[in-house]
Structure formats: structure tokens, C-alpha cells
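# Inside the fold
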Amino acid sequence: MQRLPELARQAYPWALAAVLASMFAFPGTLAPAAVTLTGLLGGGALAALSLFAPARPLPRPLTAFLLALLPLLGWLALTSALAHEPRISFVGAIALHQGTALWAAGAAWLVAGVLLADARMVRALVSVLAAAGGVFVVAALVAGPAPGSVEPSGVFENSASLGGFLAIALVAAAVLTVGTRRPGVKAAGAALALACVAGIALADSRTGILGVLCAAVFAGALRFTRERRAAPALALGSAIAATGASALLALGAAGRLGEGFAEAIGALGSGRDAVWRPVLAQIGQSPIVGSGLEQFTGWIRWSVVGQEVQTGRLTFDPHNVPLGVVLGGGAAGGLLLFAAFTALVWACSALLRRGGVAGALLAATPAALMGVGLVGWIAPAAMVAACAMTGAALGAAATRHPGSERAATPDAEPARVAAPGRAVAAATAALALALGVAAVPALSTQRAYAEMTREGAPAPAPERVVALYDRWPDPAFAVVALDRLWPAVASGDQRARLAAERLMDETTDVVAWRADLALLHLDTARALQTGRPERFPAFAELVEASRASDPSSGIWDAIAALEAERLGLAEEATRAAARALEFDLDEAARAELERLAR
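Residues numbered from 1 in each chain as written. Predicted model: local features only at pLDDT ≥ 70, side-chain atom pairs only at ≥ 80, totals over all residues. Heavy atoms only, no water.

Further remarks concern the overall build of the protein chain. What the protein chain contains, in helices and strands, is 25 helices and six strands. Rg of the C-alpha trace for the protein chain: 25 Å, near the compact-globule value of 25 Å for 598 residues, within the 12% margin. Its C-alpha atoms give the protein chain principal-axis dimensions of roughly 80 × 50 × 45 Å. For the protein chain, the residues scored as buried account for 57% of the 598 residues in total. Total accessible area computed for the protein chain in this model is approximately 23,000 Å², and 63% of it derives from carbon and sulfur atoms. Where the 45 positive side-chain charges of the protein chain centre and where its 44 negative ones centre are 15 Å apart. (Helix = DSSP H or I, 4+ residues; strand = E, 2+ residues; numbered from the N terminus. Rg over C-alpha atoms; globule rule 2.2 N^0.38 Å. Buried < 20%, exposed > 50% of the residue type's maximum accessible area, 1.4 Å probe, protein only. Areas by Shrake-Rupley, 256 points an atom, 1.4 Å probe, with all protein chains shown as cover. Lys, Arg positive; Asp, Glu negative; His and termini not counted. Charge placed at Lys NZ, Arg CZ, Asp CG, Glu CD.)

Let's shift gears to the packing of aromatic side chains. Under the counting rule described, the total for this entry stands at eight aromatic pairs. Consider the rings of phenylalanine 136 and phenylalanine 156, whose centres lie 5.1 Å apart with planes at 75°: the pair is edge-to-face. With a gap of 20 residues between them, phenylalanine 136 in helix 6 (residues 119–143) and phenylalanine 156 in the loop between helix 6 and helix 7 (159–178) connect regions that are remote in the sequence. Side by side, phenylalanine 136 and phenylalanine 156 carry an identical accessibility label, which is buried. Residues tyrosine 449 and phenylalanine 477 carry aromatic rings whose centres are separated by 5.0 Å and whose planes lie at 50° to one another, so their mutual orientation is tilted. (Phe/Tyr/Trp six-rings, centres within 6.5 Å; stacked < 30°, edge-to-face > 60°.)

Strand direction decides the pairing type here: strand 3 (residues 302–305) and strand 4 (residues 308–311), joined by four bridges, are antiparallel. If you follow serine 303 over to strand 4, its bridge partner there is glutamine 310. (Pairing = 2+ DSSP bridges.)

As for its placement among the helices and strands, serine 22 is situated in helix 1 (residues 4–25). Those residues in contact with serine 22, other than ones at most four positions away along the chain, are Ala34, Val35 and Thr38. (Contact = heavy atoms within 4.5 Å.)

We now examine the pattern of salt bridges. Within this structure, the stated rule accounts for 19 salt bridges. Between glutamate 544 and arginine 547 there is a salt bridge, with its nearest N and O atoms 2.6 Å apart. You can see glutamate 544 and its partner arginine 547 sitting in helix 22 (residues 536–547), three residues apart, about one turn around the helix. Salt bridges sharing partners connect three or more residues here, namely Glu308, Asp523, Arg526, Glu563 and Arg566. (Salt bridge = Lys/Arg side-chain N within 4 Å of Asp/Glu carboxyl O.)

Tallying each qualifying case throughout the model produces zero disulfides. Cysteine 214 carries a free sulfur, and the closest cysteine sulfur to it, the one in cysteine 348, is 15 Å from it. For cysteine 214, a relative accessible area of 17% puts it in the buried group. (Disulfide = S-S within 2.5 Å.)

Attention shifts here to unusual backbone geometry. Its identity is not glycine, yet aspartate 204 carries a phi of approximately 50°, on the positive side. Here aspartate 204 shows up in the loop between helix 8 (183–203) and helix 9 (206–224). Exposure remark for aspartate 204: the relative accessible area of 46% places this residue in the partly exposed category.

Turning our eyes to something else, we now look at the side chain of aspartate 550. Mapped onto the fold, aspartate 550 is located in the loop between helix 22 and helix 23 (555–566). Looking at aspartate 550, its side chain comes within polar contact range of the main-chain nitrogen of tryptophan 299, at 3.0 Å. Excluding residues within four positions of it along the chain, aspartate 550 makes contact with Pro278, Gln282, Thr297, Gly298, Trp299 and Trp556. (Polar contact = N/O pair within 3.5 Å; in protein donor to acceptor, adjacent residues only side chain to side chain.)

Looking now at the packing of helix 19 (residues 475–490) against helix 21 (residues 515–528). Between helix 19 and helix 21, the least distance of the axes is 9 Å, while the angle of their chain directions is 15°. Classed by the angle they form, the pair helix 19 and helix 21 counts as roughly parallel. Relative to helix 21, the crossing made by helix 19 is left-handed. Contacts between helix 19 and helix 21 involve Ala478, Val479, Leu482, Asp483, Trp486, Val489 and Ala490 from the first element and Asp516, Leu517, Leu520, His521, Asp523, Thr524, Ala527 and Leu528 from the second. Tallied by class, residues from the contact of helix 19 with helix 21 come to ten nonpolar, two polar and three charged. (Axes fitted to C-alpha atoms, helices over the stretch in contact; angles between N-to-C directions. Parallel < 35°, antiparallel > 145°, perpendicular 65-115°, else oblique. Left-handed = near helix turned anticlockwise from the far one by under 90°. Nonpolar A, V, L, I, M, F, W, Y, C, P; charged D, E, K, R; others polar.)

A surface patch of nonpolar side chains, amounting to about 390 Å² of accessible area, comprises Val138, Leu141, Val142 and Leu202. With three residues, helix 6 is the largest single contributor of residues to the nonpolar patch. The topology assignment puts leucine 141 in helix 6. (Patch = residues over 30% accessible without salt bridge, like charges linked within 9 Å, V, L, I, M, F, W, Y side chains within 5 Å.)

Time to look at the packing of helix 15 (residues 365–372) against helix 16 (residues 380–398). Running from N to C, helix 15 and helix 16 cross one another at 160°; their axes reach a closest spacing of 9 Å. It follows from the interaxial angle that helix 15 and helix 16 lie roughly antiparallel. Considering only the axes of helix 15 and helix 16, their crossing is left-handed. Side by side, helix 15 and helix 16 meet where Thr365, Pro366 and Leu369 of the first sit next to Ala382, Met383, Ala386, Met389 and Thr390 of the second. Along the lines of polarity and charge, the residues of the contact of helix 15 with helix 16 split into six nonpolar, two polar and no charged.

Counting buried positions over the eight residues of helix 14 (residues 356–363) gives six, a clear majority of the element. Of the positions making up helix 14, those classed as buried are Ala358, Gly359, Ala360, Leu361, Leu362 and Ala363. Turning to helix 14, the residues buried within the fold contact helix 6, helix 7, helix 9, helix 13 (321–351), helix 15 and helix 16.

With respect to the element layout, leucine 443 can be found in helix 17 (residues 420–452). A relative accessible area of 6% places leucine 443 in the buried class. Spatially, the C-alpha atoms of leucine 443 and arginine 353 are 41 Å apart, while their sequence positions differ by 90 residues. Sequence-distant contacts of leucine 443, that is, excluding residues within four places in its chain, are made with Phe26, Leu30, Ala33, Ala34 and Leu37.

So, on to the confidence of the model for the protein chain. Here the protein chain averages 89 in pLDDT, while 95% of its residues score no lower than 70. Scored below 50 in pLDDT, residues 400–417 shows 45 contacts in the model against residues more than four places distant or in partner chains. (pLDDT = per-residue confidence, 0-100.)

As a further point, take a negative patch on the surface. A cluster of like negative charges, contributed by Glu259, Glu263, Asp584, Asp586 and Glu587, occupies part of the molecular surface. Mapped onto the elements, glutamate 587 comes out in helix 25 (residues 587–597). Its relative accessible area of 73% is what places glutamate 587 among the exposed residues.

Next up on the list: the environment of alanine 481. Relative to the assigned elements, alanine 481 resides in helix 19. Accessibility expressed as a relative area gives 0% for alanine 481, which makes it buried. With 16 residues separating them in the primary sequence, alanine 481 and valine 465 have C-alpha atoms 5.7 Å apart. When sequence neighbours within four positions are dropped, the list of residues in contact with alanine 481 reads Pro462, Val465, Val466 and Leu503.

As C-alpha cells, this is what we get:
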């Protein structure tokens, strides 16, 4: 048993390399699920092994962070259990990133690093991460854009995820460069740092740029204010800055701070302003306790052409991590995240402030992650990498192992790791391993779907896709199946009608948070009630249920108005059109709905 901690310490960097390498086995849209699964299993196992490490003192800031971590994980797990679809909220759907599983994976690597790390492990870890940055840049150049991405992204699902990871890899390469006196290692670190910069530019990633800028500002501030009393101020200031920026972005996008601010946010590009409007509206539906992680969709574009609603793009991610946590976990989740992040940054700035430039850069890793999450999601690769590096740096700074360099401050107040550290490690390991087991069927089913829909493969029959949905309730499967069923329903196919009705019954709850499935429910309901005005009240009830999936959009009232007109219900059409006109519409939609509202 005494050898287990040392074996885990030696395996830690290579386990992280294996997690990152899993992306090459499951590239593209499956990459997030692959990293989350392997990150859960690897981090959970390491956290479990850290329980066998000898008890040692931990500085007060690090103890405070560990104690703040557990309530956050517990609350996110609770809100996921209460979500419309708990399994998706826990583990995530295809190409989504913010399930409880991702937070548990990051926490497991953090805790394992804190309890196991020494300086040798940190050196090995930053070498692995810097090298991984170079490998992923080369992969992006060779493979080009992933499906659905414009800029080169390689094995990542798009360039935003690549840029977010490269921001963390750049910090590691910078630490490798400034933290050694060996010319060969310094040159390799500098070359890898330049490769990461080139990769972020190649990917044109705003998330990567913001991550690098936040890390640079924080590291500079930490070097400028090296007094111990500045650590809490830096931690609190960073958390306030992230929270304030998120709130300003959301309120500005919703037009609450003036049209000029809304236009400035729109200039960010990629429809960020159109994303944050539905986020704010859906937060308003459950502001205190949230609605569960991964339970969000919102329309970026839609219009009315002729007498039909033409749908454009949907978003499935809040594109801001603090907003995403408040959406999923409510104000309570946001406060717990604020407390945990503040405690983490306090621990980093207190323990690593005297570690020179390398220490300041390591302490800035959470700030880099914060920057990545301000205008995008945090890719699982970036989350696991940042948590592994931060946890290892804190563990090395807080304790001494044979042959290690002591970086902890002599005036740090110790607490025993046996109580808070082991309790958090045990709970985190149990949660990570349990979610890892739950994620296995998710990845297996999603891989079967990817094989079924790969380029050049024949279109799968709806029955095969429904079978996948029965195995794992990813709404993407139900969307594809219903999309192929409802035209047959409209043509009078009785078998398709029965299959569509069954699938609609099975996915009734999903309509409340999945706008594309809500739209297909409405299309199928129209096909089932063609020419039957007496069925319109039931259709209107379905419209009301669909509204919850994006309450910021007038698309639902527009659909109701057009359907009422087709059925010859003029009064209902006028009423629904008037409601739709209360929303922000493009010129074509407004002109058609104004005609109906007269």
C-alpha cells in the first residue's frame, strides 16, 4: 500500500497524456465525450489512490479551497438529478461540454494533484501539456477543419475548443521555458509556446485569445503584488471580474444596457448576442435552483418566408461558463462557483507567489480557464489539463517530498490533510468513477450513431435511430428520427404515424429544453391534424410547452399564427401574431406577422 502513492505520482502525467490521446480515437463531435469519460476514470482512480498518501500539512488557503469544492459538486449533482433528463444533465449529449461529469473530472484531477504532487511531477506535467499543444497544432494543420467548423481544428470538434486548450498549453510551455536553466529544454519550451500562439491565430479563436490575455494580466498582477496580503484581493477581484463581465454580456445582449452596448456585443461575432438573450430568459424561468446542466437551446436565427417559418441556427451551449452554471444550478450554483473559484485563486496566489515567473504563470492557470469561459464553453481537454496542472502546482508548493523543491511560504498556517483533504478526495473519487461508469454507454451509443451517419453511409432508418434513443436518451437521436418520420406521416403512412406518436410521447419532457425537438413535435402535430380546426387548441398547448425551450424567441407564436391562418381561425391567428410581434424580429418575419395581426 505504501508504494501506491508513488506509483500514482509517476503515472499522473502519463495518465493525462492518455486522456488527451483519447481524442485521436474519437475525433470530432465525439472528442468531448471521450475526454470526459477517460478524464473521469483516470482522475477518479488517481484521487482514490491519493487516499493512501501519508498525511501532511496543507496551508489554510488550500484547505479552504478543498472545503469549497465539495458543496459546488454536490449542488451540481443535485440539480442534474432534478433536471428534465438527469442522464444528459450528468453526462452530456453529443458535442456538449457542461455536464456534472466534466466538473467532477476536473475536480478529481485537482484533488489528486494536491495530495500527490511534488516538483518533479509538475515538471513532467508541464512538459506533457506543452508537447500536447504542439501535437494538436500539427493535427489541426494536417486534418484541417472538423465537420461544422471553418478554421482548422484537427481532432477537436471545432476551432473554439482547440483555441481553449492551446491557451492552457501555452501557459505550460511558458512555464517550461522560464522554469529551467537547461538550454535545450528552454529552446523546446519556447518553440512549443510559439506553436501554441500560431495555433490560436490559425484557429482564429476568441476563447484562446481571452484565455491568454487573462493569464498574462493575472501573472503580471501577481508578480507586481507579491505581498501576502494581496492574495485575497487578487482572488476576490478575479472572481468579481468574471462574474461582472458575464452579467454585463448577458444584460447588454438582451438590450438592458442600451442599444449601443447590444451592438458592441453583437460585434463580437458568431452570434454571441443572440446566444445570451435566450440564456437570460431561461435563467428567469428558474433563477434560484436552476434547471440542470446541459438543458439549454436557443435560436440564433429564424424567419418567416411566405407562409412558412424558416429555421436557421440553434445554439446548444450558453457560450459563457458562469452563465451556464447559473442557468443549470441557479443563483445558488453561481454563488458556490464564485466561492470555489475565489478559494482556488486565493490558494494559487498565496502558495505560488514566491515561485518566480514560473510560479506566477502556474498561478494564472485558473485565470486562463476563466478567460476561455467568458465567451465560449470550456472544452473537456482544457478543463482536465488546467485542473491537472493547477492541482499539481498547488500540491508541490504545499508539501515536501524527497528530492523535491519546497515552494510553500514559511508563514503558511498548516492544517492536516487527513480530515478535509481525504474527505474531499474520497467523495470526488466516488463521484468521478460513478459518472465514468455511467458515461460508457453514452459514448458507445454516440459512436454507433456517428458510424451510422458517417459521410457516404446510407441514411439510417428511423427505427434504428429510435433504438439508439431507447439505449441512451440523447435528444439528437430523437431529432433525427422524428425529422425523418413526420413527412411520411403527412403523406398518410399509418406505420410512420404510430412510430411518430410513440416517439412524441416518449420525448414530451424533452420539449421543455430542446428547441429543435419542440419544432419537430409541432411539425408532426400539424401533419397529424391536417385540415382539422378542432385540433387547434391541442396544437396551441404544444406551442405553450415549446415556449419553455426558448422563451426569448417569437418563433412559437409565429408558428401558432401561421397554423391558425391555415386552419381558417382568423381570431386565433391575429392574437398569436400580436404576441410574436412583441419580440425582436427580422424584417421579413415582422412584415408577415403584421399582416396577420391586422
